[in-house]
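One letter stands for each residue in the lines below.
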Amino acid sequence: MEQGSFTYKTEKYYGSSRNVHTVSWKGRGEVDGDEIRQWCMQNFGPAGYQEEIERTRWLDDINEKGEIFLCNDEDLTFFLLKWT
């Protein structure tokens with residue numbers, strides 16, 4: 001689905017009932033990946049597995065593919081409200 005300059009897709013996390021949302025903006029020059037990374041870190045914590053919550057909330061693939069992965073449905077909503 002497309003929201004402004006972003007596209008996203010939702011898939012089930014392998015072997016789980018949880019969703020993983022891939023948000024992409026590859027090739028979109030008006031999107032500042034560093035700004036998105038900072039915002040995600042401030043709002044979702046560090047990328048990758050977080051000991052204190054014993055799971056992953058988001059993953060950073062900004063430099064390689066121009067995308068992030070969000071592991072909470074509500075985080076996708078929050079992200080789209082901010083960035084679209």
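Residues numbered from 1 in each chain as written. Predicted model: local features only at pLDDT ≥ 70, side-chain atom pairs only at ≥ 80, totals over all residues. Heavy atoms only, no water.

(A) Broad picture of the environment of Phe44. Secondary-structure assignment places Phe44 in helix 1 (residues 33-44). Sequence separation between Phe44 and Asp75 is 31 residues, and the spatial gap between their C-alpha atoms is 8.0 Å. (Helix = DSSP H or I, 4+ residues; strand = E, 2+ residues; numbered from the N terminus.)

(B) Region of the structure containing the pairing of strand 3 (residues 19-24). Most of strand 3 is tucked away, with six of its six residues classed as buried. Of the two faces of strand 3, the one lined by Asn19, His21 and Val23 and the one lined by Val20, Thr22 and Ser24 are each fully buried. Sheet topology note: the strand 2 (residues 6-12)/strand 3 ladder contains six bridges and is antiparallel. Counterpart to Thr10 in the pairing with strand 3 is His21. The antiparallel hairpin formed by strand 2 and strand 3 contains six residues in its connecting segment, where Gly15 sits at a positive phi of about 75 degrees. Strand direction decides the pairing type here: strand 3 and strand 7 (residues 67-70), joined by four bridges, are antiparallel. Bridged to Thr22 within strand 7 is Phe69. (Buried < 20%, exposed > 50% of the residue type's maximum accessible area, 1.4 Å probe, protein only. Pairing = 2+ DSSP bridges.)

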